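One letter stands for each residue in the lines below.
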Protein chains: 2
Amino acid sequence: MFVKFEELKSVIKKALLNAGLSEEQAEICSEVHAQSSRDGVESHGLNRVPRFIDYVNKGWVDLNSEMELVNARGFMEHYDGGLGIGIVNAKKASKRAVELAKEHGLGLVTLSNTTHWMRGGTYAWDTVEDGFIGINWTNTESSMPVWGSKKPTIGNNPICIAVPYKDRPFVLDMAISQYSYGKLEVTRLAGKELPYPGGFDKDGNLTSVPGDIEESLRILPIGYWKGSGFAIALDLMASILSKGRTAADMDREGKGSCTGCSQVFIAIDPYVFSTKEETEKIAEGLINQVKNAERIDPNKEITYPGEGVLARRKKALTEGVHVDDSVWEEVKKL
Amino acid sequence: MFVKFEELKSVIKKALLNAGLSEEQAEICSEVHAQSSRDGVESHGLNRVPRFIDYVNKGWVDLNSEMELVNARGFMEHYDGGLGIGIVNAKKASKRAVELAKEHGLGLVTLSNTTHWMRGGTYAWDTVEDGFIGINWTNTESSMPVWGSKKPTIGNNPICIAVPYKDRPFVLDMAISQYSYGKLEVTRLAGKELPYPGGFDKDGNLTSVPGDIEESLRILPIGYWKGSGFAIALDLMASILSKGRTAADMDREGKGSCTGCSQVFIAIDPYVFSTKEETEKIAEGLINQVKNAERIDPNKEITYPGEGVLARRKKALTEGVHVDDSVWEEVKKL
């Protein structure tokens, strides 16, 4: 069904207040969850609220914790998230990176000991709407096999990159796994196959059948061995620069998805070496080439990352935000 | 055949001196080309020397040009490469990023109007051997179709990430295309198929047959639409931050591979927020989990990016560097 954005936010906020969040915490989190559903990222929007509250109830997320500055060196700062609310921590950290970038041209904030930030794109959108290039990533517990193994050993470590461009910024929000387990489930339930191979079956054959991948747990990194290496790179940098947990550390603790993870937030002034006009002209040349490329399907517009989000957002604000009926009923009762 | 490293370097150096490079330029470039062949990256080692000299003869690389500082802001600097020798420029830029990182904790150098840097890993290895985390990337002329098109519209924009770890650093060196055209050619000539799909044939079917991809020019980005978006992100950031050319600009000029490209070099002090011992312990936990993962093939060790390079390097320094017989004869005559 479809519900109005404000109603969606209000229902989520009530559930979060009931779970013990403060007015301020519930306001921030309900807005971010509702925005994720609004932008079409349902997996980390309304759908994720019950699991978040479950983590709060289990004590895996500490509602009384505030992130604290551990160390600073000019434009680089390291915070301890105190296992507080992932969204609240990540919001503060990305905001701080922008403040540092305003002063220095670039700001780098690392965050250790934090919890699930939900939709990674949230912080890239925030940064780009503040007028800055944003690069942020998180590590996760193991969810993909390292190349050469068949057991989950590395995280799918989502990375987001945002670059200002007129009123329709470029915003890439991608995990390093080809598909999420959520996407596998949805595709299986619809009785469909994945558009492209998404992992290996238990016999080690590349497959597009979601159930076979869910059984083997051998989900595919983007670019096979390349994504495997890239995921390790992101984990190494996040954990080292934040003196925080790696996937291996989170696996050992076994407190669900991203509990205790390490994150990096970078903001860069796009006009540090050029004017706004020069910068826009450079981006326009590239964007135009992409947008005007010969289409495979003449009726299907070529979009760059971020464009689809804006279109979905506009539609949802007019026609209502799509929510899963059963999840909607579940959250209303929380 | 196999030749000694010093002999390889000396033959390349002679060819470069004959092409008009100065003693210093030829020394730097012959070392980098020989190192690439030594480390198993033959495509950008000896094999690339004839094309480089061809570009010099065509005037696409200006031997008399020196890169110049255009603008600086603390730990961030922008240089104009003056269409000089790509290797020489990139060596200087990555070195400068390390100097800035020594002083500020992080250094970011952008380089516009430069030429092909050959093997991107060169600069990541340099940075990590200096004890710093290195992130560097370049844009390229169009070589892959943007997702939704069948014509080359975006670059394969290689990115390299290096993280210090004991005497065997992590060094990822990857292009955003799943396979290079060089790899397609080598595989086709050997009468083989690619291990995994590498592109589309002219009818739009995913294929592992190299000749069919060479015919369609529809090479695959890593992770399909994800790599397509990531490649655009790298191009946008490199061209904007260096006020330089995008893929679209290079396509218009049509002066071969990477002539006039834009590059970014970042060096970060890995110990900015922790001691060497703490950092090493964090990395060790992750690396051990990766290395000790259950193997698909019990006889095949699981390696992380960089390990294979070190093994090939050691072997080549003992047993000689592999060179293609015909290329070897060709370069000896240059």
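Everything quoted here is computed from the prediction, not taken from an experiment. (Residues numbered from 1 in each chain as written. Chains lettered and ligands numbered in written order. Predicted model: local features only at pLDDT ≥ 70, side-chain atom pairs only at ≥ 80, totals over all residues. Heavy atoms only, no water.)

**Digging into the domain arrangement of chain A**
Often, the extent of an interface is quoted as the loss of accessible area on bringing the components together.
Residue and element names in this part refer to chain A.
So, point 1. Assigned domains of chain A: these are domain 1 (2-58 + 313-333), domain 2 (68-174 + 227-268), domain 3 (178-220) and domain 4 (276-304).
So, point 2. Each partner contributes to the interface: domain 2 provides five residues, whereas domain 4 provides five residues.
So, point 3. When domain 2 packs against domain 4, the two sides together hide about 540 Å² of surface, and 60% of this comes from carbon and sulfur.
So, point 4. Where domain 2 meets domain 4, there are one salt bridge.
So, point 5. We note a salt bridge from E284 to K166, for which the minimum N-O separation is 2.6 Å.
So, point 6. There are two residue pairs in polar contact (both at pLDDT 80 or more) connecting domain 2 and domain 4.
So, point 7. Class assignment of the residues belonging to the side of domain 2 that touches domain 4 gives a composition of three nonpolar, no polar and two charged. (Domains from an automatic or database assignment. Contact = heavy atoms within 4.5 Å. Buried area = accessible area lost by both parts, 1.4 Å probe. Salt bridge = Lys/Arg side-chain N within 4 Å of Asp/Glu carboxyl O. Polar contact = N/O pair within 3.5 Å; in protein donor to acceptor, adjacent residues only side chain to side chain. Nonpolar A, V, L, I, M, F, W, Y, C, P; charged D, E, K, R; others polar.)

**So, the relation of the copies chain B and chain A**
So, point 1. Between chain B and chain A, the superposition needs a rotation of 180 degrees and an axial shift of 0.0 Å, giving an RMSD of 0.0 Å. The two molecules are tied by a two-fold rotation axis, judged by turn and shift. (Least-squares fit on C-alpha atoms with pLDDT ≥ 70 in both.)

**Comments concerning the packing of aromatic side chains**
So, point 1. Applying the stated rule across the entire model yields 32 aromatic pairs over all chains.
So, point 2. Residues Y196 of chain A and Y224 of chain B carry aromatic rings whose centres are separated by 4.5 Å and whose planes lie at 25 degrees to one another, so their mutual orientation is stacked. Of this pair, Y196 of chain A sits in the loop between helix 6 (181-189) and strand 10 (199-200) while Y224 of chain B sits in the loop between helix 7 (210-216) and helix 8 (225-241), which puts the two residues in different chains.
So, point 3. Among the residues examined, Y224 of chain B registers a relative accessible area of 4% and is labelled buried. (Phe/Tyr/Trp six-rings, centres within 6.5 Å; stacked < 30°, edge-to-face > 60°. Helix = DSSP H or I, 4+ residues; strand = E, 2+ residues; numbered from the N terminus. Buried < 20%, exposed > 50% of the residue type's maximum accessible area, 1.4 Å probe, protein only.)

**Structural notes on the sheet that holds strand 4 (residues 106-114) of chain B**
Residue and element names in this part refer to chain B.
So, point 1. The strand order 2-3-4-12-5-8-9 describes an open sheet built from seven strands, whose pairing is mixed. Edge positions in the sheet fall to strand 2 (68-73) and strand 9 (170-174), since each has one partner strand and no second. Geometrically, the sheet is characterised by an average inter-axis angle of 10 degrees between neighbouring strands, direction not taken into account.
So, point 2. Judged from the four bridges that link them, strand 5 (residues 133-138) and strand 8 (residues 159-163) form a sheet pairing that is antiparallel. Residue pairing for strand 8: W137 is matched across the bridge by I159.
So, point 3. On the sheet, helix 5 (residues 121-129) packs against strand 5, strand 8, strand 9 and strand 12 (261-268) and is oriented at approximately 20 degrees with respect to strand 8. (Pairing = 2+ DSSP bridges. Axes fitted to C-alpha atoms, helices over the stretch in contact; angles between N-to-C directions.)

**Some remarks on the environment of P145 of chain A**
All names here are of chain A.
So, point 1. Within the secondary structure, P145 is located in strand 6 (residues 144-145).
So, point 2. Given the relative accessible area of 6%, P145 is considered buried.
So, point 3. Spatially, the C-alpha atoms of P145 and S228 are 8.0 Å apart, while their sequence positions differ by 83 residues.
So, point 4. Non-local contacts of P145, meaning those with residues more than four positions away in its chain, are made with K150, K151, P152, T153, I154, L217, R218, I219 and P221.

**As for the side chain of Q263 of chain B**
Residues and elements named next belong to chain B.
So, point 1. By secondary structure assignment, the location of Q263 is in strand 12.
So, point 2. Here T138 takes part through its side chain, which lies 3.3 Å from a polar atom of the side chain of Q263.
So, point 3. With residues up to four places along the chain from it excluded, the contact list for Q263 reads A90, V109, T110, L111, T114, T115, W117, W137 and T138.

**Focus: the pairing of strand 4 (residues 106-114) of chain A**
Residues and elements named next belong to chain A.
So, point 1. With nine of nine residues buried, strand 4 lies mostly within the body of the structure.
So, point 2. Bridge count between strand 3 (residues 76-80) and strand 4: five bridges; the pairing is parallel. By the bridge assignment, M76 is partnered in strand 4 with L108.
So, point 3. For the crossover that starts at strand 3, traverses helix 4 (residues 86-104) and ends in the parallel strand 4, the hand is right-handed.
So, point 4. Relative to strand 12 (residues 261-268), strand 4 runs antiparallel, the two sharing seven bridges. Considered in strand 12, the bridge of T114 is made with C261. (Right-handed = clockwise from strand over helix to strand, strands pointing away.)

**Digging into the pattern of salt bridges**
So, point 1. Throughout the structure, instances matching the rule amount to 54 salt bridges over all chains.
So, point 2. In this structure, E214 of chain A engages R188 of chain A in a salt bridge whose closest nitrogen and oxygen atoms are separated by 2.4 Å. Taken together, the positions of E214 of chain A in helix 7 (residues 210-216) and R188 of chain A in helix 6 put the pair 26 residues apart, joining distant regions of the chain.
So, point 3. Using a relative accessible area of 38% as the deciding quantity, one classes R188 of chain A as partly exposed.
So, point 4. Among the ionic pairs, K315 of chain B bridges to E319 of chain B, the shortest N-O distance being 3.5 Å.

**Quick look at the side chain of Q289 of chain B**
So, point 1. Inspection of the secondary structure assignment puts Q289 of chain B in helix 10 (residues 276-291).
So, point 2. Within the structure, Q289 of chain B has its side chain in polar contact with the side chain of D251 of chain A (distance 2.7 Å).
So, point 3. Here Q289 of chain B is in contact with S142, T153, A247, A248 and D251 of chain A, once residues within four sequence places are set aside.

**Regarding helix 8 (residues 225-241) of chain A**
Residues and elements named next belong to chain A.
So, point 1. Under the 1.5 Å per step criterion, the end-to-end length of helix 8 is 24 Å for 17 residues, consistent within 8% with the ideal 24 Å.
So, point 2. Counting buried residues in helix 8 gives 16 out of 17 residues, a clear majority hidden from the surface.
So, point 3. Phi turns positive one or two residues past the end of helix 8, at K243, with a value near 50 degrees. (Expected span 1.5 Å × (residues − 1).)

**Notes on the interface of chain B and chain A**
So, point 1. With 81 residues of chain B in contact, the opposing surface of chain A contributes 81 residues.
So, point 2. Both faces considered, chain B and chain A share a buried interface measuring about 7,300 Å² in area, 74% of it formed by carbon and sulfur atoms.
So, point 3. On the chain B side of the contact with chain A, K226, I240 and F273 of chain B bury the most area, a combined 11% of that side's loss.
So, point 4. Viewed at the interface, chain A and chain B are joined by six salt bridges.
So, point 5. Two residues, D269 of chain B and R73 of chain A, come together in a salt bridge whose shortest N-O distance is 3.8 Å.
So, point 6. Inspection of the chain B/chain A interface yields 22 residue pairs in polar contact (both at pLDDT 80 or more).
So, point 7. For the side of chain B that touches chain A, the leading source of residues is helix 8 of chain B, giving 12 residues.
So, point 8. Of the residues that constitute the side of chain B that touches chain A, the class distribution is 46 nonpolar, 20 polar and 15 charged.

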